[in-house]
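Reading the structure
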Amino acid sequence: MAKYSWPEKPTLLGSAVTRLDGPDKVTGRARYTYDINRPGMIYGRMVRSPFAHARVVSIDLSPAEKAPGVRAVIAWKEPGAQVMYQGDPVAAVAADTEERARDAARLIRVRYEPLPHLASVEQALAADAPAVFPGGNTQTGATDETGDLEAGFAKAAHIVEATYSTHVITHVCLETHGCVCEWDGDKLTAWVSTQGVYPCRIGFADGLKIPQANVRVITQYMGGGFGSKFAPDVQGLICAKLAQQAKAPVKLMLDRKEEHLDTGNRPSAAAHIRAGVTSDGMLTAFDGQSWGTGGAGALSGFPLPYIYNFPIRKRTHKNVFINAGPQRAMRAPGHPQGCFLTEILMDELADRVKMDPVAFRMRNLPPAAPNAMWAEYFTRGAKAFGWDKRHATGDPAPGPIKTGMGVSAHRWGGAGRGSQAHVDIMSDGSVVVKCGTQDIGTGTRTIVAMVAAETLGLPMSAVKPEIGDTMYPFSGGSGGSTTAASVTPAIRVTTVNALDQLFAKVAPTLGAKPEDLVAQGGRIHLKDNASKGVAWKDACRLIGTEPISVDGKWEDGLSGAGTSGVQFAEASVDIETGIVKVTRILAIQDCGLIVDKLTAESQAYGGVIAAINFALFEDRIIDRVTGQMVNPNMEWYLLAGMSDVPTIDIMLNNMPERGVIGIGEPPTVSTASAIANAVRNATGATIRSLPLHPHKVLAAIEQQKAGGTN
Amino acid sequence: MTVSRRDFLKSAGVTSLATAVTAAGAAETEAQTGPRVVGPGDLPVTLMVNGKRVELRIEPRVTLLDAIRNRADLTGNKRVCDRGTCGACTVIVDGRTVYACSTLAIEVQGKQIRTVEGLSTGNALHPVQQAFCDVDALMCGFCTPGFVVATVAVLEKHPNATREQISRGLDGNVCRCGTFVRIMEAAMKAKGVARG
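Bear in mind that the values here come from a model prediction, so they are computed numbers and not experimental data. (Residues numbered from 1 in each chain as written. Chains lettered and ligands numbered in written order. Predicted model: local features only at pLDDT ≥ 70, side-chain atom pairs only at ≥ 80, totals over all residues.)

**Quick look at the overall build of chain B**
Which entries qualify depends on this criterion: Each helix is a run of DSSP H or I of at least 4 residues and each strand a run of E of at least 2, with the numbering of both proceeding from the N terminus. Any residue with 12 or fewer other C-beta atoms within 10 Å of its own C-beta is exposed, any with 20 or more is buried, and the rest are partly exposed; the C-beta atoms used are placed from the backbone. Each residue gets a C-beta atom placed from its backbone, and two residues are in contact if those atoms lie within 7 Å.
Helix and strand counts for chain B stand at 8 helices and 5 strands. Going residue by residue from the N terminus, the α and β elements of chain B occur as α-α-α-β-β-α-β-β-β-α-α-α-α. When burial is assessed residue by residue, chain B has 52% of its 196 residues classed as buried. A separation of at least 24 residues holds for 58% of the contacts in chain B among residues at least 6 apart in sequence.

**A few points about the packing of helix 6 (residues 144-157) of chain B against helix 8 (residues 180-190) of chain B**
Residues and elements named next belong to chain B. Quick reminder of the rule: Lines fitted to C-alpha atoms define the axes here, with helix axes fitted over just the stretch in contact, and angles between the N-to-C directions of these axes take values from 0 to 180 degrees. What sets the label is the angle itself: under 35 degrees gives roughly parallel, over 145 gives roughly antiparallel, 65 to 115 gives roughly perpendicular, and the rest give oblique. Two helices crossing with the near one rotated counterclockwise from the far one by less than a right angle form a left-handed crossing, whereas a clockwise rotation gives a right-handed crossing. Gly counts as polar in this scheme, as do all residues outside two lists: the nonpolar Ala, Val, Leu, Ile, Met, Phe, Trp, Tyr, Cys and Pro, and the charged Asp, Glu, Lys and Arg.
Between helix 6 and helix 8, the least distance of the axes is 11 Å, while the angle of their chain directions is 40°. On the basis of the axis angle, helix 6 is oblique to helix 8. Considering the relative orientation of helix 6 and helix 8, their crossing is right-handed. Along the contact surface, helix 6 presents F147, T151 and L155, while helix 8 presents I183, A187 and A190. Taken together, the residues of the contact of helix 6 with helix 8 break down into 5 nonpolar, 1 polar and no charged.

**A few points about the sheet that holds strand 22 (residues 463-466) of chain A**
Residues and elements named next belong to chain A. Using the following cut-off: Pairing between strands is defined by DSSP: at least two bridges between them are needed.
An order of 22-21-20-26 is seen for the 4 strands of this open sheet, with the pairing classed as mixed. In this open sheet, the two strands that pair with only one neighbour each are strand 22 and strand 26 (548-553). Neighbouring strand axes in the sheet, compared pairwise and without regard to direction, differ in orientation by 15° on average. Bridge analysis of strand 21 (residues 431-434) against strand 22 gives 4 bridges, and the strand direction is parallel. The residue bridging V432 from the neighbouring strand is K464, located in strand 22.

**Some remarks on the confidence of the model for chain B**
All names here are of chain B. Stated precisely, the cut-off is as follows: Confidence of the prediction at every residue is given by pLDDT, a number between 0 and 100.
Averaged over every residue, the pLDDT of chain B is 86; the share at 70 or more is 82%. For the stretch residues 1-30, pLDDT sits under 50, and the model shows 29 contacts to residues farther than four places along the chain or on other chains. Interface confidence for the predicted complex, expressed as ipTM, amounts to 0.96; the pTM equals 0.94.

**Quick look at the domain arrangement of chain A**
All names here are of chain A. Spelled out, the test is: Annotation comment: domain bounds sourced from an automatic or database domain assignment.
Looking at chain A, the domain boundaries give domain 1 (22-30 + 415-553), domain 2 (33-115 + 177-253) and domain 3 (265-414 + 560-705). Centre-to-centre separation of domain 1 and domain 3, based on C-alpha positions: 40 Å. Of all the secondary structure elements, the ones that give two or more residues to the side of domain 1 that touches domain 3 are helix 12 (444-456) and helix 13 (483-510). Considering each element in turn, the side of domain 1 that touches domain 3 owes the most residues, 5 residues, to helix 13.

**Considerations on the sheet that holds strand 29 (residues 647-653) of chain A**
Residues and elements named next belong to chain A. Overall, mixed pairing links the 4 strands, which are arranged 19-27-28-29 in an open sheet. At either end of the open sheet lies a strand with only one pairing partner, and these are strand 19 (401-412) and strand 29. Direction aside, neighbouring strands of the sheet carry axes that sit 10° apart on average. Pairing geometry for strand 19 and strand 27 (residues 563-574), over 12 bridges, is antiparallel. Residue pairing in the sheet places H410 in a bridge with G565 of strand 27. Lying over the sheet, helix 15 (residues 597-617) contacts strand 28 (580-590) and strand 29, oriented at roughly 130° with respect to strand 29.

**Quick word on the domain arrangement of chain B**
Residue and element names in this part refer to chain B. In terms of domains, chain B is made up of domain 1 (38-118) and domain 2 (127-190). If you look at the interface, domain 1 gives 12 residues, while domain 2 gives 11 residues. For the side of domain 1 that touches domain 2, the residue count by class is 6 nonpolar, 5 polar and 1 charged.

**Focus on the packing of helix 15 of chain A against helix 16 (residues 671-683) of chain A**
Residues and elements named next belong to chain A. One way to put it is that helix 15 packs onto helix 16 with a least axis distance of 8 Å and a crossing angle of 55°. Classified by the angle their axes make, helix 15 and helix 16 are oblique. Taken as a pair, helix 15 and helix 16 cross one another with a handedness that is right-handed. Across from V608, A611, I612, F614 and A615 in helix 15, the residues of helix 16 making contact are T671, A672, I675 and A676. The residue makeup of the contact of helix 15 with helix 16, split by class, is 8 nonpolar, 1 polar and no charged.

**A word on helix 8 of chain B**
Buried within helix 8 of chain B are the following residues: F180(B), V181(B), R182(B), I183(B), A186(B), A187(B) and A190(B). Check the buried side of helix 8 of chain B and you find it contacts helix 15 and strand 29 of chain A together with helix 5 (127-135), helix 6 and helix 7 (163-170) of chain B. A positive phi of about 90° marks G192(B), the residue just after helix 8 of chain B.

**Some points on unusual backbone geometry**
Residues and elements named next belong to chain A. Looking along the chain, the bond that leaves L304 and enters P305 is cis, with omega of -10°. Relative to the assigned elements, P305 resides in the loop between strand 17 (283-293) and strand 18 (312-320). For the peptide bond that leads from L690 to P691, omega is -5°, which places it in the cis range. Mapped onto the secondary structure, P691 falls in the loop between helix 16 and helix 17 (694-705). One non-glycine residue, K354, adopts positive backbone phi at about 55°.

**Re the interface of chain B and chain A**
The partner chain A presents 48 residues to the 48 residues of chain B that form the contact. Elements supplying a minimum of two residues to the side of chain B that touches chain A: helix 4 (64-71), helix 5, helix 6, helix 7 and helix 8 of chain B. For the side of chain B that touches chain A, a count of residues per class yields 23 nonpolar, 12 polar and 13 charged.

Right, here's the structure in full:
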């Protein structure tokens with residue numbers, strides 16, 4: 001892999017570069033899928049089940065067909081089919097205005113026969129639960145077991161046994177899911193709000209039974225996905241069918257309620273855990289029976305125990321199905337849940353052996369964790385955060401406001417994989433770099449241009465990045481924090497090869513060998529004699545009419561995998577109202593070679609704030625009687641505002657020798673756990689379940705007074 | 001089919017809203033004659049958006065946001081929550097920030113409406129827009145137009161705003177990517193240089 005490497009002294013990589021599309025986004029010029037207005041375009045609207053579980057008896061489309069402005073109506077479900085959750089798609093309509101599409105959707109008459117439903121995990125697990133799901137309301141996975149559990153517990157001086165849990169949250173992408181579909185004969189162009197133009201092309205082709213070659217997917221800008229936007233989904237296929245029937249472009253964007261009900265969520269997680277520790281603070285054994293719900297028929301797995309070394313452990317997991325929208329990957333799927341369940345337990349265990357939580361964690365780190373920097377981060381973070389000022393569990397200060405500190409650690413993968421790229425260098429010196437990736441807000445467009453500009457020794461403005469279109473070379477969906485690690489090597493490889501071709505043309509004119517040349521500062525010159533060279537534009541004149549046109553793809557050696565991070569939180573709790581206020585967060589994170597310092601930091605800030613929402617505010621609440629979501633909106637589904645955001649310090653650890661590794665997900669894993677431990681440290685009461693809503697905080701404080709939560 | 005709060009307002013037409021939003025003088029006139037009933041069906045509606053007249057024929061139930069986005073192709077401001085909670089549709093009407101998703105287009109005829117598109121002059125960004133770019137106060141960018149407009153409004157009202165004033169001024173806006181820290185940084189950077 002000697003041929004491809006990152007520059008030892010980069011001019012752009014690792015610096016703070018403002019994102020290229022910033023001006024388009026701040027002026028409103030950026031056209032998201034939601035902003036695409038095509039000539040003759042009409043609007044689609046779906047009809048969804050109001051019941052959590054029912055059988056469709058009949059669907060009468062005729063009143064909608066006769067409504068003003070209606071151009072297409074379709075039934076999605078057949079009579080006799082079941083709807084498995086509130087919001088399950090049933091039918092759709094397209095009309096010449098959004099308002100008329102809404103009117104017409106109301107006219108579609110669907111008769112349902114309501115069936116028994118399961119609105120919660122408790123209902124699904126009840127002994128007399130109705131059999132709702134084929135194959136059972138639960139599905140138990142294989143038991144993961146190492147060592148002799150009872151021998152492990154026999155070595156323990158203390159055993160903590162308790163039940164821990166986290167809740168369901170929804171993605172709340174600000175741009176809802178949806179698309180604009182336009183047919184030209186048998187060819188479909190779809191503007192989709194998606195994290196993966198290529199996966200969407202496959203999704204449309206499979207769903208509509210047309211060749212992939214006939215589908216073009218475009219996503220120039222998209223308003224948030226967080227793991228929920230990889231496929232066209234039902235609304236995409238419906239939009240394409242409506243467009244076909246109406247012979248007009250159709251825009252179908254979901255509304256906020258549909259977005260909560262049917263575009264994914266983070267599954268709940270719970271576990272009954274028994275864990276042992278020796279009197280000198282060594283973990284001995286872990287026995288966990290976990291469960292969780294990913295909604296109707298979807299799984300709910302998560303890592304447990306998380307990170308720390310329980311030498312002997314046993315874990316079984318049960319997927320519980322309920323009549324609610326199915327889960328999808330959500331920012332670091334499984335990790336925030338497994339992290340919370342383990343990290344609260346860790347503080348309880350540390351208290352049993354009267355050890356400082358940081359020292360206790362460091363003592364129990366896994367023996368062989370490649371690339372894990374936890375020990376160093378615990379030490380650095382504790383110093384930077386002022387951890388030595390932390391009091392023991394329970395703030396002794398008088399008055400109702402108690403403050404405390406907490407800590408948590410996490411890990412993530414973030415490896416690269418097969419992205420492809422194409423670069424054209426033209427005779428006037430212009431450069432176009434194409435890659436069928438997409439920018440989900442992380443700054444992908446900007447780092448594509450940065451890597452090309454770095455390699456070619458040009459300013460950012462001299463390179464035109466083209467992304468977000470299946471007309472460009474293949475790149476995978478933006479998930480698993482893999483995009484930067486996939487795309488940047490592809491761009492590097494492709495531009496290095498293109499530059500070699502240019503060097504071959506320039507070398508004879510300089511009386512040099514191609515391998516003696518370097519591209520730097522807008523010039524091509526000899527490595528050992530910068531004065532002997534030509535300006536970029538003059539060099540490119542040698543290209544002639546046929547551009548240098550090079551394809552390339554991701555190669556091993558430029559990206560890495562495996563990130564680690566540690567976070568510290570400080571929170572204050574009003575023990576009279578139960579309101580938690582986060583005051584400070586410190587996030588230490590590595591991500592290999594930092595490409596753009598500015599956008600990398602933004603992702604870390606974003607991850608932390610997302611997890612403050614997870615810890616304190618958001619909660620999908622389903623009515624236990626009707627199975628209806630009671631807060632499918634943004635006034636009762638709470639999210640942080642400016643006043644809720646604490647001081648956040650980000651410390652990114654630049655490790656260029658490891659290559660590029662993604663950072664989108666890891667910073668969101670630890671925050672909620674660190675906050676919960678800070679609340680425990682403040683109040684002296686252990687809250688083993690998220691979110692930390694005031695009523696739970698007050699209940700835990702009361703329980704603590706009455707005899708203890710610990 | 002549930003009826004959202006705004007659908008209810010829309011189907012109730014202007015009868016309940018008109019009294020709430022018109023000036024005191026107009027309200028008195030209405031008290032004598034009753035509110036003028038308009039619609040259903042399209043009506044001529046004239047809006048002054050970013051200093052330009054926009055002539056539309058729309059139903060009275062059409063919101064200001066849908067009017068400018070779907071009928072005038074001014075797609076900068078977004079619809080996100082669609083019920084006046086998230087601020088992505090924030091526009092400035094006669095100097096005050098307004099949620100365009102919860103304002104009927106017919107209510108704001110004769111008023112000066114400023115959208116995100118009206119802030120920059122040619123290629124020159126408004127200082128608030130420039131500050132957002134400089135400090136990376138945006139990620140996916142979907143909430144950004146609303147935040148930019150809200151920041152402009154708070155800095156026009158308080159040219160030397162404190163962090164607390166900015167925080168209060170922006171508390172009606174939500175960002176899901178989590179750009180708040182840098183939005184505050186941008187607002188603090190732009191203050192003093194922001195102009196109307």
